[in-house]
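Structural overview
Listed below are the residues making up each chain.
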Amino acid sequence: MTAKTKRFARRAALLAAPLAFAAGPAFAGQIAQKCGKDGHYVVAFSQANYAEPYRQHVNNDLIALAKEIPQFELQIADGAGNDNTQTSQVDNFITQQVDLLLISPFEAAPLTPAVARAVKAGIPVIELDRKTVGTPGKDYTAFVGGDNYKIAYEAGTYTAKTLLPDGGEVAVLEGLPSSTPAVERLNGFKDGVKTNAKIKVVAEQAADWLPDKAETAFSAILQAHPDIGVVYASNDMMAAGSYLAAKGAGKETQVKVIGTDGLPGPAGGIQAVASGQWAATFTYPTGAPEALDLAKKILLECAASVPDTVTVSTLAITKDNAKDLDKKLKF
Amino acid sequence: MMGETGTTIPAAPAPTVRPAVRRDPLALIVRFQSVIGLLLVLVGGIVFSPVRRGHLLFLAPDNIANIVRAISETGIIALGMTFVIITAGIDLSVGAALGLASVLAASLMVNLGWGILPTLVAVVLAGTAFGAAQGYISTRFRLEAFIVTLAGLQVARGLALVVSGNAYINISYGDGPGFAPPAFSVLGTRLFGNTVPVAALVFVALAVVATLVLNTTRFGRYVFAVGGNERAARLSGIPVGRVRISVYALTGFMAAVAGIVHAGQFNFGSANDGAGYELTAIAAVVIGGTSLFGGAGTMIGTIAGSVMLGALANILQLNNINAALQLLATGAIIVLAAVLQAVVGRREGTR
């Protein structure tokens, strides 16, 4: 774009401004109100709750990646697992007129009005991991997240093909009953193992995502079903609990443990697989790189449209890649 | 420590020595400590406010609206809590009662198809009755309010889980079964050109009423008298038992209103909602200069204490300062408020 055409474009935009204003904030064919390669942009992230290992992992990922984009200034607010707190934080971000809002809503319906206010104020909104009510691309700009069902389905087929090709007994530890991710992961895994008719799911217990409950539950399961070959835990923390239970029963070589989330660090699944304690874990991706890519498109490249849903795929962490990954994450 | 129902040791010095309050300058500061604290926070807010296009963000009308909206629910609860604490009581059940009220409101409208008015009346009556029952049990059996309302907290959460069937209830608006009347969504909107949140208006209106009730009515005087010296109050013919039951009915009422505001703001009813709100409300009351030993306190102090906590959280976030500092600051303010009170209390006691 030459200087002349730029000036023309600006004048045209000025003339069109009143019209565009009536039509809504997304004017002049771009999503952001202010954009361009040379600007400085505040990217705000409203996180549902810091006090969960997975959410910490998301924060760390975003912070590390945002540092590599000099135009971006990342601000994170802790919703503290409270809809009112998170709503007031979104309201404050609107007051600050941040350039883009990333949000992982604590609960869907309660955060919907706050997201609507941000959209009305002309702020592009990217939802991360959890959605509010409405349609991405219409009620907010885009959704970036993993597919719980697919991730657990892959864990199921991995069990069916690689861990127990000749069949055997399997136990499943579910997250908090009736919560969406718990239900999706349970169904995904069960459908995945169905691909091998010789596998039987002999036990299904809820352990509310917690390692101590998982240890208690799996100890009891092992008493009732001493021949279990695989335990699928719907998150890494419950997988850690199941491993302790298997070890307590002296069956840590017989029982193969599968986790979900693939968290880094000493308590996470990647090291547990690298050290040979677990058979595998399936990452639930943070979506941070994908979300920041969208943010770049919107703010730096003045995109007129972006994909409204970005599903991030899982990575199976097994003994083949765990050690390399673990080293890479330690830098 | 608190809530000595029934008997008070006659030898105990009466905490309400009003004439002393007038003479002691420190007591005057304590009396208005939260107003002073609020002013300090406001000045700090103005000094540290980010500036955008020549305007202070902190003082922007929508920012002030945001502050008041954010504290509306805990603020409403704190109003009721002030009455209870002035009688030397405590109510730990209010956060859970908010959750129960939000679930009840959502369930009556969405699951049973009730209209707005019957729903509001039923929820408010249920909350008031719940509070009154706790007041009755505490008074009748001379139990510490701490214990009775701790039990009440569990009961309210349990009832909320029963009403909601162990799930949360989304409120969507429209006609017919499964929908709430659209007018209920007013609670989540903003009036006057999309600036003034209705939730904040409810808080402001109740704050005015609560101030008037405490300061100008006979009931308000009774509340001070019961908390100051129960024996003297009884001897002078004040219906102590009824006053005690009434203040718990009042906190139940306020919790129910806050629960309705919550359901309307967030289109949601959940048994987990309002968890920990009782502690925020107690903090606001204590910062407001109301004594946990009863007999002394002001409603304006509670209101200032609530707004102060909200303004503090707001200015810290506008400057992108993390939540840890906010908790540390709140803790320090509570300790400071309590220390000031204790010092003044001791001085009064020695006179």
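Keep in mind that this is a model prediction, so the values were computed, not measured. (Residues numbered from 1 in each chain as written. Chains lettered and ligands numbered in written order. Predicted model: local features only at pLDDT ≥ 70, side-chain atom pairs only at ≥ 80, totals over all residues.)

Quick notes on the overall build of chain A
Along its length, chain A carries 11 helices and 12 strands. Counting only C-alpha atoms, chain A reaches 75 × 35 × 35 Å along its principal axes. The contacts of chain A with a sequence gap of at least 6 include a subset with a gap of at least 24, amounting to 73%. (Helix = DSSP H or I, 4+ residues; strand = E, 2+ residues; numbered from the N terminus. Contact = placed C-beta atoms within 7 Å.)

Digging into the overall build of chain B
The helix and strand tally for chain B stands at 15 helices and 5 strands. Whereas a compact globule of 351 residues would reach a radius of gyration of roughly 20 Å, chain B reaches 21 Å, a difference of no more than 12%. Each of the 351 residues in chain B was classed as buried or not, and the buried ones make up 51%. Of the contacts formed within chain B by residues at least 6 apart in sequence, a portion of 79% connects residues at least 24 apart. (Rg over C-alpha atoms; globule rule 2.2 N^0.38 Å. Buried ≥ 20, exposed ≤ 12 C-beta atoms within 10 Å, placed from the backbone.)

Let's talk about the domain arrangement of chain A
Assigned domains within chain A: domain 1 (31–140 + 286–313) and domain 2 (148–284). Relative placement of domain 1 of chain A and domain 2 of chain A: their C-alpha centres are 32 Å apart. (Domains from an automatic or database assignment.)

Structural notes on the sheet that holds strand 1 (residues 41–47) of chain A
All names here are of chain A. Pairing within the open sheet is parallel, and its 6 strands lie in the order 2-1-3-4-5-11. Strands with a single pairing partner mark the edges of an open sheet, and in this sheet they are strand 2 (72–78) and strand 11 (309–312). Strand-to-strand twist of the sheet, defined as the mean angle between neighbouring strand axes without regard to direction, takes the value 15°. The pairing of strand 5 (residues 142–146) with strand 11 spans 4 bridges and is classified as parallel. For glycine 146, the partnering residue across the bridge sits in strand 11 and is valine 312. Strand contacts of helix 3 (residues 83–95): strand 1, strand 2 and strand 3 (100–103), with the helix running at about 175° to strand 1, the strand carrying the most contacts. (Pairing = 2+ DSSP bridges. Axes fitted to C-alpha atoms, helices over the stretch in contact; angles between N-to-C directions.)

What about the interface of chain A and chain B?
Contacts between chain A and chain B engage 19 residues on the former and 21 residues on the latter. Elements with a minimum of two residues in the side of chain A that touches chain B: strand 2, helix 3 and helix 4 (108–120) of chain A. Among the residues making up the side of chain A that touches chain B, the classes are represented as 5 nonpolar, 10 polar and 4 charged. (Nonpolar A, V, L, I, M, F, W, Y, C, P; charged D, E, K, R; others polar.)

So, helix 4 (residues 61–86) of chain B
Most pronounced at Ser72(B), the bend in helix 4 of chain B amounts to some 55°. Of all 26 residues in helix 4 of chain B, 23 are buried, a share of seventy percent or more. (Bend = angle between axes of the 7 residues up to and from the residue.)

A look at the sheet that holds strand 9 (residues 256–261) of chain A
The strands that make up a sheet are held in pairs by hydrogen bonds between backbone atoms, and each pair lies either parallel or antiparallel. All names here are of chain A. Pairing is mixed in the open sheet, where 6 strands are placed in the order 7-6-8-9-10-12. The sheet terminates laterally at strand 7 (199–206) and strand 12 (316–318), the two strands that pair on one side only. Within this sheet the neighbouring strands show an average axis-to-axis angle of 20°, counted without direction. Relative to strand 10 (residues 280–283), strand 9 is paired through 4 bridges, and the arrangement is parallel. Pairing of glycine 259 across the sheet is with threonine 281, part of strand 10. Across the sheet, helix 5 (residues 148–163) lies against strand 6 (168–174), strand 7, strand 8 (228–233), strand 9, strand 10 and strand 12, angled at about 160° from strand 9, the strand it touches most.

Some thoughts on the pairing of strand 1 of chain A
All names here are of chain A. By the criterion of burial, strand 1 is predominantly enclosed, with 6 of the 7 residues buried. In the sheet, strand 1 pairs with strand 2 via 7 bridges, with the strands oriented parallel. Within strand 2, the residue paired with valine 42 across the bridge is glutamate 73. Since strand 1 and strand 2 lie parallel, the crossover through helix 2 (residues 53–67) that links them has a hand, and here it is right-handed. Bridge analysis of strand 1 against strand 3 gives 4 bridges, and the strand direction is parallel. Looking at the pairing, valine 43 lines up with leucine 100 of strand 3. (Right-handed = clockwise from strand over helix to strand, strands pointing away.)

Quick notes on the confidence of the model for chain B
For chain B, the average pLDDT comes to 86, and 92% of its residues sit at 70 or higher. Here the predicted complex scores 0.79 on pTM and 0.80 on ipTM. (pLDDT = per-residue confidence, 0-100.)

Observations concerning the nonpolar core
Ile77(B), Ala97(B), Ala101(B) and Val257(B) are the most contacted members of the largest nonpolar core, which totals 102 residues. Here this core gets 16 residues from one element, more than from any other, and that element is helix 12 (residues 240–266) of chain B. Residues Trp209(A), Leu222(A), Ala239(A) and Ile270(A) belong to the second largest nonpolar core, which totals 49 residues. (Core = buried A, V, L, I, M, F, W, Y, C linked by C-beta atoms within 7 Å.)

Section: the pairing of strand 3 of chain A
Residue and element names in this part refer to chain A. Along strand 3, one buried face is formed by Leu100 and Leu102 and the opposite face, lined by Leu101 and Ile103, is buried too. As judged from the 3 bridges shared by strand 3 and strand 4 (residues 125–128), these two strands associate in the parallel manner. Counterpart to leucine 101 in the pairing with strand 4 is valine 125. You can see the chain leave strand 3, run along helix 4 and come back into strand 4, and the turn it takes is right-handed.

What to know about the environment of Leu92(B)
Residues and elements named next belong to chain B. Looking at where leucine 92 falls in the secondary structure, it is placed in the loop between helix 4 and helix 5 (94–111). You can call leucine 92 buried: it has 21 C-beta atoms within 10 Å. For leucine 92 and threonine 149, which are 57 residues apart along the polypeptide, the C-alpha to C-alpha distance reads 5.2 Å. With residues up to four places along the chain from it excluded, the contact list for leucine 92 reads Phe146, Thr149, Leu150, Leu153 and Glu278.

Some words on unusual backbone geometry
The backbone of Gln97(A) sits at a positive phi, close to 50°, despite the residue not being glycine. The backbone phi angle of Asn267(B) is positive, close to 50°, even though this residue is not glycine.

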